[in-house]
Amino acid sequence: MMNLPEVGNGGGSGFPAVSVGNKKNKYQRMDSDAEDSQNHLEAEARNSRTRKYVMACAFFASLNNVLLGYDVGVMSGAVLFIQQDLKITEVQTEVLIGSLSIISLFGSLAGGRTSDSIGRKWTMALAALVFQTGAAVMAVAPSFEVLMIGRTLAGIGIGLGVMIAPVYIAEISPTVARGFFTSFPEIFINLGILLGYVSNYAFSGLSVHISWRIMLAVGILPSVFIGFALCVIPESPRWLVMKGRVDSAREVLMKTNERDDEVEERLAEIQLAAAHTEGSEDRPVWRELLSPSPVVRKMLIVGFGIQCFQQITGIDATVYYSPEILKEAGIQDETKLLAATVAVGVTKTVFILFATFLIDSVGRKPLLYVSTIGMTLCLFCLSFTLTFLGQGTLGITLALLFVCGNVAFFSIGMGPVCWVLTSEIFPLRLRAQASALGAVGNRVCSGLVAMSFLSVSRAITVGGTFFVFSLVSALSVIFVYALVPETSGKSLEQIELMFQGGLERKDGEVELGDAERLVRKEQEF
């Protein structure tokens, strides 16, 4: 007897019902797959828009840093013509070059309070305006005194811009790429240095009276683009929350984060941090920084210390006085000197790009190890070369190699990581003004090195000076090992908890501690 397939209650038709069900399930699976594919495409499109938007914000926010880099690079060559045109002395040369860093500390000090009052975005605009005014005064200066007036204005503008750009970018960037985007200011500093070197070489053929003026005037151009940038970039969401503009902050976070749940999570963390800030407003920020709690003291030691080490290892001496260093090695022709400095600028710019792509994947601390150890070796070898091998072809070649090596190792770690760390380790209430304090330490050390290099070199030789720098660089290796934490992969609020002991380490990995779990519970309720 033939076995018939089992049939369901198909209305008495006698046809199998099971095949209809199979087709229906098949179509449901196809619809589900199509919906998943569509959702995936929409997520990819949003991710792409988010990355492009944050990159545009980081790009425009970093334009002020081109001004600092350009000034550093162009002054190294322009001063050769200023000495001939305005007949300034060696002491005046040191004051002219080093004063920018000292003066910029006042801009950095003002920048913390200014950015808390008028916002990160408009502080960047103010920085560009002040610098433009100073650059214009320098370009037409008939005397050393007027040149210093322009230098003062330019320094204040640079201090404002250098301090606020990393803070702004850290506050708008998603956690997974914060290191990448926050290293943009250092990239633009290096780009500015390279442009300054190229400008020196390009205009060196003009008359002594005209060449240095055009070199300085070209520095106005980058700040013009900042006016356009103000139409593109938003205000920092963390500043908006501090001012009670939560809806505006959510709109910015929607543009700078890839998922809606991440937006709400970040917003909740920022609001919690802001609520803690409001509870502490009875104590002025500067009093808290000058008389810090143990947690804030640890943050200040790391932030202020890394900023000072960045400069006292002699990077500005290498950049500002690279023509003098190479002249000591044996290059005498001015055109060849300026051409050699272009090689230094290219090296510095290329290696900062490596750091940009490694800083989030490799981490901050490994890059600092490579950087500080490499700088120590290059500085020591440069000292040996200038002392024992100078004035010959071998000495010139090795000196140029070790100068390029020093700036390369600086750019791959100490240069960008310094600013990234300073912008992310402080709590929201203290971030702007604590970062300003770190920038002050950076500028003071830069100014002291730049203003004393020629005098110290005359006393103990250029080779001896770089031997001292190598010893200081060796100390920076110890500082990084002992005190600098790894902050890669953590939100700004989690980094604050890490300093408070709220993030625990287990088997080399960072896990959420009690403080963060309490935060999560509060958010659930």
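None of the values given here were measured: they were computed from a predicted structure.

Details of the confidence of the model for the protein chain
Overall, the prediction assigns the protein chain a mean pLDDT of 79, with 85% of residues at 70 or greater. The low-confidence segment residues 1–18, where pLDDT is below 50, has five contacts with residues more than four positions distant or belonging to other chains. Confidence drops under a pLDDT of 50 for residues 504–525, and excluding neighbours within four residues, the segment shows 33 contacts in the predicted structure.

Overview of the pattern of salt bridges
Considering all chains together, one arrives at ten salt bridges under this definition. With a shortest N-O distance of 2.7 Å, Asp-71 and Arg-151 are connected by a salt bridge. Note that Asp-71 is positioned in helix 2 (residues 63–86) and Arg-151 in helix 5 (residues 144–172), a separation of 80 residues in sequence. For the pair Asp-71 and Arg-151, a shared accessibility class is recorded, and that class is buried. Between Glu-264 and Arg-250 there is a salt bridge, with its nearest N and O atoms 3.2 Å apart. Taken together, the residues span a long stretch of sequence, with Glu-264 in helix 12 (residues 260–279) and Arg-250 in helix 11 (residues 246–256) at a distance of 14 residues. Judged by relative accessible area, Arg-250 falls into the partly exposed class, the value being 29%.

Brief notes about the side chain of Ser-322
Relative to the helices and strands, Ser-322 resides in helix 16 (residues 322–329). At 3.3 Å, the side chain of Ser-322 forms a polar contact with the backbone oxygen of Val-319. For Ser-322, the residues in contact, after removing those within four places along its chain, are Tyr-197, Ala-317 and Thr-341.

About the thresholds
- Each chain has its residues counted from 1, following the order in which its sequence is written.
- Two thresholds apply to this predicted model, a pLDDT of at least 70 for residue-level local features and 80 or more for giving and counting side-chain atom pairs, whereas whole-chain, interface and lining totals are computed over all residues.
- Note: side-chain values were computed over all heavy atoms of the structure, leaving out hydrogens and water.
- Here pLDDT means the predictor's own confidence in every residue, given as a number from 0 to 100.
- When checking whether two residues touch, look at their non-hydrogen atoms; a contact exists if any pair is within 4.5 Å.
- Whenever a carboxyl oxygen of Asp or Glu lies within 4 Å of a side-chain nitrogen of Lys or Arg, that contact is scored as a salt bridge.
- To qualify as a helix, a DSSP run of H or I must reach at least 4 residues; to qualify as a strand, a run of E must reach at least 2; elements of each kind are numbered from the N terminus.
- For every residue, the accessible area (1.4 Å probe, protein chains only) is compared with the maximum for its type, and the residue is labelled buried under 20%, exposed over 50%, or partly exposed between those bounds.
- We call two N or O atoms a polar contact when they sit within 3.5 Å, provided that within protein one can donate a hydrogen and the other can accept it, with sequence-adjacent residues counted only if both atoms are side-chain atoms.

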